[in-house]
Amino acid sequence: MEPNRQENNINYSALGLAGLGGWLILVQIGLYITIISLLVQLVQYSLPSLDPGVWLQLTSKDSEIFHPLWSTIIIFEVVWNVSLLIFCCFSLINLYLKKSIFPKLMIILYGSSLLVGIVDAALLAQIPLVQELEDGSTITDIIRSAITCAIWIPYFIKSQRVANTFVK
């Protein structure tokens, strides 16, 4: 899309509908919050689950809390969280460089987060211990992610500010 895109003879970029303002401020804040929460999650949950003692307790057939899916889920979540962290940093760089790929990156980010959340919930639902401890937060997280997709994916597809800003 061209920076001075015109539709209905209105020059939106001349009206100020370009740049990292408006609703894109929320996107920036969201990316920073996601990066921070991923770092916290990796340090508090993911890395400790890879500790040999914890790993053996979850994955050893002799353990009371053993389930064959624990190893798959732990590896899946660690790989996803590290990948998502890298992807969010890459997206943030492309945001500030105003690269035309940024809207596509955000659509991928929101869509894949919803998909992985559903897969993760389905895997965790197979473990009786997790079912016992489930407090409804998993469904709430999936619904929140679906609402996020419903709001932000159309925004990145239809927004004049997005079209006028990410043109490089």
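Scroll up to find the structure this text is about.
Now for a quick tour of the structure. From a predicted model like this one, the values you see are computed outputs, not experimental measurements.

Reading the values: the criteria
Each chain carries its own residue numbering, running from 1 in the direction its sequence is written. Only residues with pLDDT of at least 70 get local features here, since the model is predicted, and only at 80 or more are side-chain atom pairs given and counted; chain-wide, interface and lining totals rely on the full set of residues. The side-chain quantities take in all heavy atoms of the structure and omit both hydrogens and water. One side-chain nitrogen of Lys or Arg within 4 Å of one carboxyl oxygen of Asp or Glu is enough to make a salt bridge. In this description a helix means any DSSP run of H or I spanning at least four residues, a strand means any run of E spanning at least two, and both kinds are numbered starting from the N terminus. The rule is simple: take the accessible area with a 1.4 Å probe, protein chains only, and divide by the maximum for that residue type; under 20% is buried, over 50% is exposed, in between is partly exposed. Here, residues are in contact when the closest pair of their heavy atoms is within 4.5 Å. Each polar contact in these results corresponds to two N or O atoms within 3.5 Å; when the atoms are within protein, one needs to be able to donate a hydrogen and the other to accept it, and residues that are neighboring in sequence are counted only if both atoms are side-chain atoms. Take the buried residues of types Ala, Val, Leu, Ile, Met, Phe, Trp, Tyr and Cys, join any two whose side-chain atoms come within 4.5 Å, and each joined set is a nonpolar core. The convention used is that axes are lines fitted to C-alpha atoms, helices contributing only their stretch in contact, and that angles between N-to-C directions extend from 0 to 180 degrees. Oblique is the label for any angle not covered by the other classes, which are roughly parallel (under 35 degrees), roughly antiparallel (over 145) and roughly perpendicular (65 to 115). Left-handed describes a crossing in which the near helix is turned anticlockwise from the far one by less than a right angle; the clockwise case is right-handed. Any residue outside Ala, Val, Leu, Ile, Met, Phe, Trp, Tyr, Cys, Pro, Asp, Glu, Lys and Arg is labelled polar, Gly included; the first ten of those are nonpolar and the last four are charged. Residues enter patches when they are more than 30% accessible in relative terms and free of salt bridges; like-charged ones are connected within 9 Å and nonpolar ones (Val, Leu, Ile, Met, Phe, Trp, Tyr) within 5 Å. Methods summary: accessible areas were calculated by the Shrake-Rupley approach with a probe of 1.4 Å, and residue burial reflects only the protein chains presented.

1. Quick notes on the pattern of salt bridges
- For the coordinates displayed, the defined rule picks out one salt bridge.
- Across the pair R144 and D141 runs a salt bridge, and its minimum N-O distance is 3.1 Å. Placement of the pair is R144 and D141 together in helix 6 (residues 137-158), with a separation of three residues, close to one helical turn.
- Take D141: its relative accessible area is 43%, and that puts it in the partly exposed class.

2. Side note on the environment of S113
- Checked against the element boundaries, S113 lands in helix 4 (residues 102-124).
- Counting along the chain gives 29 residues from S113 to I142, while the straight-line C-alpha distance between them is 9.1 Å.
- When sequence neighbours within four positions are dropped, the list of residues in contact with S113 reads W80, L84 and S145.
- A distance of 2.8 Å separates a polar side-chain atom of S113 from the backbone oxygen of L109.

3. Here's the deal with the nonpolar core
- Core analysis: the largest hydrophobic core is formed by 22 residues, its most contacted members being L24, V27, L31, F102, M106, Y110 and F156.
- Where this core is concerned, the elements lending two or more residues are helix 1 (24-49), helix 3 (69-96), helix 4 and helix 6.
- Counting residues per element, this core draws most heavily on helix 1, which supplies six residues.
- With sequence-adjacent residues up to four places away left out, V27 is seen in contact with F102, M106, Y110, W152 and F156.
- Core analysis: the second largest hydrophobic core is formed by eight residues, I73, I74, V78 and L124 among them.

4. A short note on unusual backbone geometry
- In this model, K98 sits at a positive phi of 55°, which is unusual for a non-glycine residue.
- Mapped onto the secondary structure, K98 falls in the loop between helix 3 and helix 4.
- Look at K98 and you get partly exposed, because its relative accessible area is 29%.

5. Considerations on the packing of helix 1 against helix 3
- Interaxial distance between helix 1 and helix 3 falls to 10 Å at its minimum, and their mutual angle equals 155°. Classified by the angle between their axes, helix 1 and helix 3 sit roughly antiparallel to one another. Like other packed secondary-structure pairs, helix 1 and helix 3 cross with a definite hand, here left-handed. Contacts between helix 1 and helix 3 involve Q28, L31, Y32, T34, I35, L38, L39, Q41, L42, S46 and S49 from the first element and I74, V78, N81, V82, L84, L85, C88, C89, S91, L92, L95 and Y96 from the second.
- Of the residues that constitute the contact of helix 1 with helix 3, the class distribution is 16 nonpolar, seven polar and no charged.

6. Notes on a nonpolar patch on the surface
- On the surface, a cluster of nonpolar side chains totalling about 510 Å² of accessible area is made up of W23, I25, L26, I29 and I33.
- Within the secondary structure layout, I33 lies in helix 1.

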